[in-house]
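Summary of the model geometry
Each chain is listed here by its residues.
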Amino acid sequence: EKGGYEHFMLKEIHEQPRAIRDTYRGRLLRDEAIIKMAGVEDNMKKFLNANRIIIVACGTSWHAGLVAEYIFEEFSRIPVEVEYASEFRYRNPVITENDVVIAISQSGETADTLAAIKLAKSKGAFVFGVCNVVGSSIARETHAGAYTHAGPEIGVASTKAFTTQITVLTLIALRLARAKGTMSSSTFRMYLQELELIPQKVEQLLKVDEHVKDIARQYLLSTNCLYLGRGYNFPVALEGALKLKEISYIHAEGYPAAEMKHGPIALIDDRMPVIVIATSKGHYEKVVSNIQEIKSRKGKIIAVVTEGDTAVKEIADHVIEIPDCEEAFSPLLTTIPLQLLSYHIAVMRNCNVDQPRNLAKSVTVE
Ligand code: M6R
């Protein structure tokens, strides 16, 4: 059942090329240059008239929502707010009939997300679900939706659910961009092509496994870890930190790279590994100068860079290369080595990777 892998988590990490492909299959029609999603098409008016989109979710799904915020605002020029479902539901939030709420949930059973949906509905908002489990409570409670089609995710640590959530949300953002005219048809076509290339790039990237394992071996006794990223990859830093915390029990924090000098830089010494996402198109020079700041304080740097990088290679202790891609799609790639790093560190620390202590796969109580 684990398909020859030692853990479900590792199997699910390796399933991502297929899972991402399944997510856009039948929806991304490159030859016709269209995106077909019934749940969006049938409710196009709601999306086009939306004053804003409010995304509600928890945990890793909330991180996918943050990535989507950057993508929606860039592609479709619709203001987006991303909320923890647990905060949103108790805050007496201002919601109107012109708001579109997108609820993201792998399991479709998360209690706080379900409650947030009910609240939004009671205020007249249109609620769209992005779920993995077909027929789940959230899939039934929402007005419309789109499934991620990732297949069952058994490991408690979410992996393929995250990348497929980002894929679905990207498809929606692209569809709305065309409908609103915020993206030219040539740019749209280019993005369709680039998105179709992602699965094979993930496949190629998965070959870094042994290299990541070597890095993991050197940091398995760390007690703290910092993850930094900017722009589209800021949420990936948060997700990388969550993954390490939940399966290896090492304390980790994710930060937007530029926030480091507002506090966390005080933590840096020669025992602090800092994982930095420094892709070539994403505020690269600024991130490089953050890396220099860390290095001059003797922090250990594990950098995720774009193939062919030279500047970061000179400073970092370790580099992990990802294939070149559009910056907006880079979270689908940069996430992969961070999943592998957490996985290997957890295995080396003899942790129960698939069922970490104190955690359940779906949190059905608040
Ligand atoms: O099923 P959901 O997507 O609603 O679950 C939300 C979180 O409980 C979940 O993502 C959790 O944070 C994972 N264990 C993270 O790996």
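Residue numbers here run from 1 along each chain, matching the order of that chain's written sequence. Local features in this predicted model are restricted to residues whose pLDDT is 70 or higher, and side-chain atom pairs enter the listing and the counts only when it is 80 or higher, whereas totals over whole chains, interfaces and linings include all residues. Side-chain measures were taken over the full set of non-hydrogen atoms in the model, leaving aside hydrogen atoms and water.

As annotated in an unreviewed UniProt entry, the chain carries the name Glutamine--fructose-6-phosphate aminotransferase [isomerizing] and is attributed to Hwangdonia seohaensis. UniProt positions are given in the numbering used here, feature names are shortened, and annotations may be inferred rather than shown by experiment. The record in UniProt for the chain states the following under Catalytic activity (unreviewed entry): "D-fructose 6-phosphate + L-glutamine = D-glucosamine 6-phosphate + L-glutamate". UniProt annotates the chain under Subunit (unreviewed entry) with the comment "Homodimer."

The next thing to look at is the packing of helix H10 (residues 185-205) against helix H15 (residues 331-348). Helix axes are fitted to C-alpha atoms over the stretch in contact, other axes to C-alpha atoms as well, and angles between N-to-C directions run from 0 to 180 degrees. Strands are runs of DSSP state E lasting at least two residues, helices are runs of H or I lasting at least four, and both sets are numbered from the N terminus onward. Look at H10 against H15: their axes get within 10 Å of each other, and the N-to-C directions meet at 20 degrees. The orientation of H10 with respect to H15, classified from their angle, is roughly parallel. Like other packed secondary-structure pairs, H10 and H15 cross with a definite hand, here right-handed. On the side of H10, the interface is formed by Leu195, Ile198, Lys201, Val202 and Leu205, while H15 contributes Leu332, Leu333, Ile336 and Pro337. Convention used here: angles under 35 degrees read as roughly parallel, angles over 145 as roughly antiparallel, angles from 65 to 115 as roughly perpendicular, and any remaining angle as oblique. Helix crossings fall into two classes, left-handed where the near helix is turned counterclockwise from the far one by less than a right angle and right-handed where it is turned clockwise. Any two residues whose heavy atoms approach within 4.5 Å are treated as being in contact.

The rule is simple: put a 1 Å grid over the protein atoms alone, call a set of points where a 1.4 Å probe fits but cannot get out a cavity, call an open set with protein on both sides within 12 Å along at least five of seven lines a pocket, and count a residue as lining if it has an atom within 4 Å of a point. Grid points are joined across faces, edges and corners, and a volume is the space filled by probe spheres set on the points. Each pocket or cavity is described by its volume, and for the largest pocket that value is around 500 Å³. As for the largest pocket, its lining consists of 23 residues, of which Cys58, Gly59, Thr60, Lys361 and Val363 are closest to the centre. Those elements giving two or more residues to the lining of the largest pocket turn out to be helix H5 (59-76), strand S5 (99-105), helix H7 (111-122) and helix H12 (234-248). Polar here means any residue outside two lists: the nonpolar Ala, Val, Leu, Ile, Met, Phe, Trp, Tyr, Cys and Pro, and the charged Asp, Glu, Lys and Arg; Gly therefore counts as polar. Residues belonging to the lining of the largest pocket are distributed by class as follows: 8 nonpolar, 10 polar and 5 charged. The volume enclosed by the second largest pocket comes to roughly 180 Å³. Lining of the second largest pocket is provided by Leu221, Ser222, Thr223, Asn224, Cys225, Leu226, His251, Glu253, Leu267, Asp269, Arg271 and Met272. Take the lining of the second largest pocket: its biggest share by element is 3 residues, from strand S8 (residues 224-229).

Before going further, it helps to spend a moment on the nonpolar core. Phe72, Phe75, Ile102, Phe128, Ile198 and Tyr227 are the most contacted members of the largest nonpolar core, which totals 91 residues. By residue number, the principal contributor to this core is helix H9 (residues 160-180), which donates 10 residues. Not counting residues up to four positions away in its chain, the partners in contact with Ile198 are Ile20, Cys325, Phe329, Leu332 and Leu333. Residues belong to a common nonpolar core when they are buried Ala, Val, Leu, Ile, Met, Phe, Trp, Tyr or Cys residues joined through side-chain atoms within 4.5 Å. Relative accessible area decides the class of each residue, using a 1.4 Å probe on protein chains only: under 20% of the type maximum gives buried, over 50% gives exposed, and in between gives partly exposed. Residues Val287, Ile294, Ile301 and Val319 belong to the second largest nonpolar core, which totals 22 residues.

Of all 6 residues in S8, 5 are buried, a share of seventy percent or more. Here the term right-handed applies to a crossover when the path leading from its first strand over the helix to its second strand runs clockwise, the strands being oriented away from the viewer. In terms of handedness, the path from S8 via H12 over to strand S9 (residues 251-256) forms a crossover that is right-handed. The sheet contact formed by S8 and strand S10 (residues 273-278) spans 3 bridges and is parallel. Each bridged residue has a counterpart across the sheet, and for Leu226 the counterpart in S10 is Val274. Two strands pair if DSSP finds at least two bridges between them.

Moving on, we come to the confidence of the model for the chain. Averaged over every residue, the pLDDT of the chain is 96; residues scoring 70 or more account for 100%. Interface confidence in the predicted complex, given as ipTM, is 0.99; pTM for the same model is 0.97. What pLDDT conveys is the predictor's confidence in a given residue, as a value from 0 to 100.

Turning next to the pattern of salt bridges. Any carboxyl oxygen of Asp or Glu that lies within 4 Å of a side-chain nitrogen of Lys or Arg is treated as forming a salt bridge with it. On inspection of all chains with the given rule, the structure shows 22 salt bridges. With a shortest N-O distance of 2.5 Å, Asp22 and Arg25 are connected by a salt bridge. You can call Arg25 exposed: its relative accessible area is 54%. A salt bridge links Lys243 to Glu239, with the shortest nitrogen-to-oxygen separation between them at 2.7 Å. Highlighted residues: Lys243 and Glu239, both in helix H12, separated by 4 residues, approximately one helical turn. For the pair shown, Lys243 and Glu239 are each scored as buried. Here the salt bridges do not stand alone but share partners, grouping Lys11, Glu15 and Lys160 into one network.

For the rest of this paragraph, the subject is the sheet that holds strand S3 (residues 52-57). Spatial strand order, S4-S3-S5-S6-S7: 5 strands in an open sheet with parallel pairing. This sheet does not close on itself; its edge strands, each paired only once, are strand S4 (80-84) and strand S7 (144-147). On average, each strand axis in the sheet is inclined to that of its neighbour by 20 degrees, with strand direction left out of account. Looking at chain direction, strand S6 (residues 126-131) and S7 are connected through 4 bridges and run parallel. Within S7, the position partnered with Phe128 by the bridge is Ala144. Strand contacts of H5: S3, S4 and S5, with the helix running at about 175 degrees to S4, the strand carrying the most contacts.

A word on the packing of aromatic side chains. Under the pairing criterion, centres of Phe, Tyr and Trp rings, with the six-membered ring standing for Trp, must be within 6.5 Å; the plane angle then separates stacked pairs below 30 degrees from edge-to-face pairs above 60, leaving the rest tilted. One pass over the structure, following the stated rule, counts 6 aromatic pairs. Taking the centre distance of 5.5 Å and the plane angle of 70 degrees together, the rings of Phe47 and Phe128 count as edge-to-face. Remark: Phe128 occurs in strand S6 and Phe47 occurs in helix H4 (residues 44-49); sequence separation between them is 81 residues. Among the aromatic residues, those joined into a cluster by ring pairs are Phe47, Phe126 and Phe128.

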